[in-house]
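One-letter residues, chain by chain:
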Amino acid sequence: QVQLEESGGGLVRAGGSLRLSCRLSGSTFSLTSMAWYRQAPGKQRDLVAYMSTDGTTNYPDSVKGRFDISIDNGRRLGHLQMNSLKSEDTAVYYCNVRGYVGGIRYSENWGQGTQVTVSS
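Cut-offs used in this document
- Residues numbered from 1 in each chain as written.
- Predicted model: local features only at pLDDT ≥ 70, side-chain atom pairs only at ≥ 80, totals over all residues.
- Heavy atoms only, no water.
- Pairing = 2+ DSSP bridges.
- Helix = DSSP H or I, 4+ residues; strand = E, 2+ residues; numbered from the N terminus.
- Axes fitted to C-alpha atoms, helices over the stretch in contact; angles between N-to-C directions.
- Salt bridge = Lys/Arg side-chain N within 4 Å of Asp/Glu carboxyl O.
- Buried < 20%, exposed > 50% of the residue type's maximum accessible area, 1.4 Å probe, protein only.
- Disulfide = S-S within 2.5 Å.

Chemist: Now, about the sheet that holds strand 1 (residues 3-7): what can you tell me, with residues and values included?
Modeler: Overall, antiparallel pairing links the 4 strands, which are arranged 1-3-8-7 in an open sheet. Two strands in the sheet have a free side with no partner beyond their single neighbour: strand 1 and strand 7 (67-72). Sheet twist, expressed as the mean angle between neighbouring strand axes with direction ignored, is 15 degrees. As paired strands, strand 1 and strand 3 (residues 18-25) are joined by 5 bridges and run antiparallel to one another. Bridge assignment links Gln-3 to a residue of strand 3, and that residue is Ser-25.

Written as structure tokens, this is what we have:
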């Protein structure tokens, strides 16, 4: 089984920074990509950062230059560094990982979500 543990959310003033973390467990799971999504009340869940294990990244224009995704610790821990935060960044942030269990079975998994609130 693959489990994700997110941390790092909280309340921050506009212009401030937060760093979200996503810890992955599941010894037979081989990561191929990690992403962060966010969902504000009444809105759809949107991608904010994507990184594959070959280093390819993708960010929407709304966060480009402010957010930075990374994967480390033998691909068992990921981070989303968020700088210059704006009130419109307020949302629940979810970690998403994709990969293979036992090298064979494709698996996509979501974290429980962590609240980020940016006060203006």
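Chemist: Can you tell me about the pattern of salt bridges, naming the residues and giving the values?
Modeler: Here the structure, examined in full by the defined rule, presents 4 salt bridges. A salt bridge links Asp-61 to Lys-64; its shortest N-O distance comes to 3.3 Å. Here the two residues Asp-61 and Lys-64 agree in accessibility, since each one is exposed. Here Glu-108 and Arg-98 are joined by a salt bridge, their closest N and O atoms 3.3 Å apart. Of this pair, Glu-108 sits in strand 10 (residues 105-110) while Arg-98 sits in strand 9 (residues 91-101), placing them 10 residues apart in sequence.

Chemist: Could you give me a rundown of the state of the cysteines, with the residues and numbers involved?
Modeler: Applying the stated criterion across every chain yields a total of 1 disulfide. A disulfide bridge connects Cys-22 with Cys-95, and the sulfur atoms are separated by 2.1 Å. Here the S-S torsion is close to -80 degrees, and the disulfide linking Cys-22 with Cys-95 is therefore left-handed. A residue pair is termed long-range when its members are at least 10 positions apart, and Cys-22 in strand 3 and Cys-95 in strand 9 qualify at 73 residues. With respect to class, Cys-22 is no different from Cys-95; both count as buried.

These figures capture arrangement, not role.
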